[in-house]
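# Geometric and topological summary
Below, each chain spelled out in residue letters.
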Amino acid sequence: MYLVIASDHFGYPLKKVIVEHLREKNIEFEDRGVNSEDEVVDYPDVAREVGEEISKGKYQYGILICGTGIGMAMAANKIPGVYAACAHDIYSAERAKKSNNSNVLTLGRHIVGPELAKMLVDAWLGSEFQGGRSLPKVAKIKEIENKYLKGE
């Protein structure tokens, strides 16, 4: 499947908005929960579960939502093959993919409102990695990851 979306309980209200937005745009995705603000779950658990599935190739891209988006990004980025970017403005959402080849977008419900969040998702999903001068930089990120995977 192409895209997965998930949140913790803080991110749920914004996730609900993004889910509806994706449906309106006929974008195929899987909603991995949570399904209410009462379903308390820690963001590292959500980021790990979704990140591992992205790392294994079950999904190409992911959207993770918590209170600020920062915790989800930090936790998801611990998983090899996951390149999560937290975006609060359109330029950063675009550059996350175009320059950094991000495969996960994280959003913060307490930081961005519903309309901006929809624009961020559209900008990120509508962008493609451009390679070029960014290619060696992204390769260096992968080198760092591989170094620590090997225990060096």
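Keep in mind that this is a model prediction, so the values were computed, not measured.

## Things to note about the nonpolar core
Grouped together as the largest cluster of nonpolar side chains are 23 residues, with contacts concentrated most on Ile18, Ile63, Leu107, Val121 and Trp124. Listing elements by their share of this core, those giving two or more residues are β1 (3–7), α1 (12–24), β3 (61–66), α4 (90–98), β5 (104–108) and α5 (114–125). With six residues, the single largest contributor to this core is α5. Filtering out sequence-adjacent residues up to four positions away, isoleucine 63 remains in contact with Leu3, Val4, Ile5, Ala6, Ile18, Leu105, Leu107, Val121 and Trp124. With 17 residues, the next largest nonpolar core counts Val4, Val50, Tyr59 and Leu64 among its residues.

## Observations concerning the pairing of β3
Taken across its six residues, β3 has six buried, putting it largely inside the fold. Residue alternation in β3 divides its side chains into two sets, Tyr61, Ile63 and Ile65 and Gly62, Leu64 and Cys66, and both sets are buried. Judged from the five bridges that link them, β1 and β3 form a sheet pairing that is parallel. Residue isoleucine 5 lies in a different strand from β3, and its bridge partner there is isoleucine 63. Looking at chain direction, β3 and β5 are connected through five bridges and run parallel. By the bridge assignment for β5, cysteine 66 is matched with glycine 108.

## Here's the deal with the sheet that holds strand β4 (residues 84–86)
Pairing within the open sheet is parallel, and its five strands lie in the order β2-β1-β3-β5-β4. In this open sheet, the two strands that pair with only one neighbour each are β2 (30–31) and β4. Across the sheet, helix α2 (residues 43–55) touches β1, β3 and β5, and the angle it forms with β3 is around 180 degrees.

## Quick word on the environment of glutamate 143
Of note, glutamate 143 is situated in helix α6 (residues 135–149). Classification of glutamate 143 as exposed rests on a relative accessible area of 54%. As for glutamate 143 and proline 44, which are separated by 99 residues in sequence, their C-alpha atoms are 24 Å apart.

## Focus on the pattern of salt bridges
One pass over the structure, following the stated rule, counts seven salt bridges. For the salt bridge of glutamate 30 with arginine 32, the shortest nitrogen-to-oxygen distance reads 4.0 Å. Look at glutamate 30 and you get partly exposed, because its relative accessible area is 27%. Ionic pairing is found between glutamate 115 and lysine 118, a salt bridge with its closest N-O pair at 3.0 Å. With a gap of three residues between them, glutamate 115 and lysine 118 both fall in helix α5, about one helical turn apart. Through salt bridges with shared partners, one network takes in Glu30, Arg32, Glu49 and Glu53.

## A word on the packing of aromatic side chains
Inspection of every chain in the model, using the stated rule, returns two aromatic pairs. On the basis of an interplanar angle of 80 degrees and a centroid distance of 5.6 Å, the ring pair of tyrosine 2 and tyrosine 61 is categorised as edge-to-face. Here tyrosine 61 lies in strand β3 and tyrosine 2 lies in the segment before β1, a separation of 59 residues in the sequence. A residue is classified by how much of its surface remains accessible, and tyrosine 2, at 31% relative accessible area, is partly exposed. Both rings, one in tyrosine 61 and one in tryptophan 124, keep their centres 5.5 Å apart while their planes meet at 80 degrees; by these two values the pair is edge-to-face. In this pair, tyrosine 61 sits in strand β3 while tryptophan 124 sits in helix α5, placing the two residues 63 residues apart along the sequence. Exposure remark for tyrosine 61: the relative accessible area of 13% places this residue in the buried category. We classify tryptophan 124 as buried; its relative accessible area is 0%. One aromatic cluster is present, formed by Tyr2, Tyr61 and Trp124 through successive ring pairs. The ring of tryptophan 124 carries lysine 97 above its face, with NZ or CZ at 4.7 Å from the centroid.

Definitions and cut-offs
- Residues numbered from 1 in each chain as written.
- Predicted model: local features only at pLDDT ≥ 70, side-chain atom pairs only at ≥ 80, totals over all residues.
- Heavy atoms only, no water.
- Core = buried A, V, L, I, M, F, W, Y, C linked by side-chain atoms within 4.5 Å.
- Buried < 20%, exposed > 50% of the residue type's maximum accessible area, 1.4 Å probe, protein only.
- Helix = DSSP H or I, 4+ residues; strand = E, 2+ residues; numbered from the N terminus.
- Contact = heavy atoms within 4.5 Å.
- Pairing = 2+ DSSP bridges.
- Axes fitted to C-alpha atoms, helices over the stretch in contact; angles between N-to-C directions.
- Salt bridge = Lys/Arg side-chain N within 4 Å of Asp/Glu carboxyl O.
- Phe/Tyr/Trp six-rings, centres within 6.5 Å; stacked < 30°, edge-to-face > 60°.
- Lys NZ or Arg CZ within 6 Å of the ring centre and 35° of its normal.

Functional significance is not addressed by these values, which are geometric in nature.
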